[in-house]
Amino acid sequence: MKIVLDTNVLLISLPKKSPFRPIFDAIRTGQIQVGISSEILLEYEEILIRKTSSGVAENVIKMLVNLENVHHQDIYFNWNLIQSDVDDNKFVDCALAFNADFLVTHDKHFDILKRIDFPKLAVSPADKLLDLISKL
């Protein structure tokens, strides 16, 4: 399973008592393939520092960069499919370049992708990913 995680899903999967923790654990143990880009890593780091601490941010980023199942994806084309929050396009571009099965997010800005026929990209909430992980 190949996915790209929006920052909001990464954040909710970090706390040990979070119902979404199995997502983070599945990444750590290599159960799922994750696509990231340099832009995504920078956003992860920025938001993790703001919401947790610089130590937590550093540890998470180091882990992601060093895991074999986390793939750094070069982005050669910007699709610019999301106009309501153009900053979200980095996740779309990465997911398309990585040929992800789906992009995992709780952000409503990505709903526009359901109405776009090409390029086709499936968007899924974290709950669906949890269900899929439980079946691995």
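Model, not experiment: these values are computed from the prediction.

**Student:** How would you explain the packing of aromatic side chains if you had to name every residue and give the values?
**Tutor:** Applying the stated criterion across every chain, the model contains two aromatic pairs. Aromatic pair Phe77 and Trp79: ring centres 4.9 Å apart, planes at 70 degrees, arrangement edge-to-face. Taking the centre distance of 5.8 Å and the plane angle of 80 degrees together, the rings of Trp79 and Phe118 count as edge-to-face. In this pair, Trp79 sits in the loop between strand S3 (70-72) and helix H5 (89-98) while Phe118 sits in the loop between strand S4 (102-104) and strand S5 (123-124), placing the two residues 39 residues apart along the sequence. For Phe118, a relative accessible area of 66% puts it in the exposed group.

**Student:** I'd love a proper account of the nonpolar core, names of residues and values included.
**Tutor:** By size, the foremost hydrophobic cluster in this structure holds 45 residues, and its most contacted members are Leu5, Ile23, Ile27, Tyr44 and Val92. If one sorts the elements of this core by residue count, H5 sits on top with six residues. In this structure Tyr44 touches Leu5, Asp6, Thr7, Leu10, Ile36, Ile61, Leu64 and Phe91, once residues within four positions along its chain are discounted.

**Student:** How would you explain the pattern of salt bridges if you had to name every residue and give the values?
**Tutor:** Taken as a whole, this structure holds seven salt bridges when the rule is applied. When the shortest N-O distance is used, the salt bridge between Asp25 and Arg21 registers 2.9 Å. Taken as a pair, Asp25 and Arg21 lie in helix H2 (residues 21-28) at a separation of four residues, close to a single helical turn. Judged by its relative accessible area of 23%, Asp25 is partly exposed. Of the charged contacts in the structure, one is a salt bridge between Arg50 and Glu46, with a shortest N-O distance of 2.9 Å. Of the two residues, Arg50 and Glu46 are both situated in helix H3 (residues 38-51); the distance of four residues between them amounts to about one turn of the helix.

**Student:** Residue-level account of the pairing of strand S1 (residues 2-5), with values.
**Tutor:** Of the strand pairs in this sheet, S1 and strand S2 (residues 33-36) are connected by two bridges, and their pairing is parallel. Bridge pairing in S2 places Ile3 opposite Val34. Pairing analysis gives three bridges linking S1 to S4, with the strands arranged parallel. Its bridge partner being in S4, Ile3 is matched across the sheet by Phe102.

**Student:** Can you tell me about the environment of Leu5, naming the residues and giving the values?
**Tutor:** Inspection of the secondary structure assignment puts Leu5 in strand S1. It is 7.9 Å that separates the C-alpha atoms of Leu5 and Gly35, two residues lying 30 residues apart in sequence. Once residues lying within four places of it in the same chain are set aside, the contact partners of Leu5 are Ile23, Ile27, Tyr44, Phe91, Val104 and Leu129.

**Student:** Account for the side chain of Asp93, with residues named and values stated.
**Tutor:** Along the chain, the position of Asp93 falls in helix H5. This buried residue, Asp93, is left without a salt bridge; Lys90 holds the nearest opposite charge, at 9.2 Å. A distance of 3.0 Å separates the side chain of Asp93 from the backbone nitrogen of Trp79, its partner in a polar contact. Not counting the four nearest positions on each side in its chain, Asp93 is found in contact with Ile75, Phe77, Asn78, Trp79 and Asn80.

**Student:** Explain the packing of H3 against H5 to me, and be specific about the residues and the numbers.
**Tutor:** Relative placement of two packed helices is described by the angle separating their axes and the distance separating the axes. For the pair H3 and H5, the least separation of the axes is 9 Å and the interaxial angle reads 135 degrees. Accordingly, the angle class assigned to the pair H3 and H5 is oblique. In the packing of H3 onto H5, the handedness of the crossing is left-handed. Residues Glu39, Ile40, Glu43 and Tyr44 of H3 lie in contact with H5, whose contacting residues are Lys90, Phe91 and Cys94.

About the criteria used
- Residues numbered from 1 in each chain as written.
- Predicted model: local features only at pLDDT ≥ 70, side-chain atom pairs only at ≥ 80, totals over all residues.
- Heavy atoms only, no water.
- Phe/Tyr/Trp six-rings, centres within 6.5 Å; stacked < 30°, edge-to-face > 60°.
- Helix = DSSP H or I, 4+ residues; strand = E, 2+ residues; numbered from the N terminus.
- Buried < 20%, exposed > 50% of the residue type's maximum accessible area, 1.4 Å probe, protein only.
- Core = buried A, V, L, I, M, F, W, Y, C linked by side-chain atoms within 4.5 Å.
- Contact = heavy atoms within 4.5 Å.
- Salt bridge = Lys/Arg side-chain N within 4 Å of Asp/Glu carboxyl O.
- Pairing = 2+ DSSP bridges.
- Lys, Arg positive; Asp, Glu negative; His and termini not counted.
- Polar contact = N/O pair within 3.5 Å; in protein donor to acceptor, adjacent residues only side chain to side chain.
- Axes fitted to C-alpha atoms, helices over the stretch in contact; angles between N-to-C directions.
- Parallel < 35°, antiparallel > 145°, perpendicular 65-115°, else oblique.
- Left-handed = near helix turned anticlockwise from the far one by under 90°.

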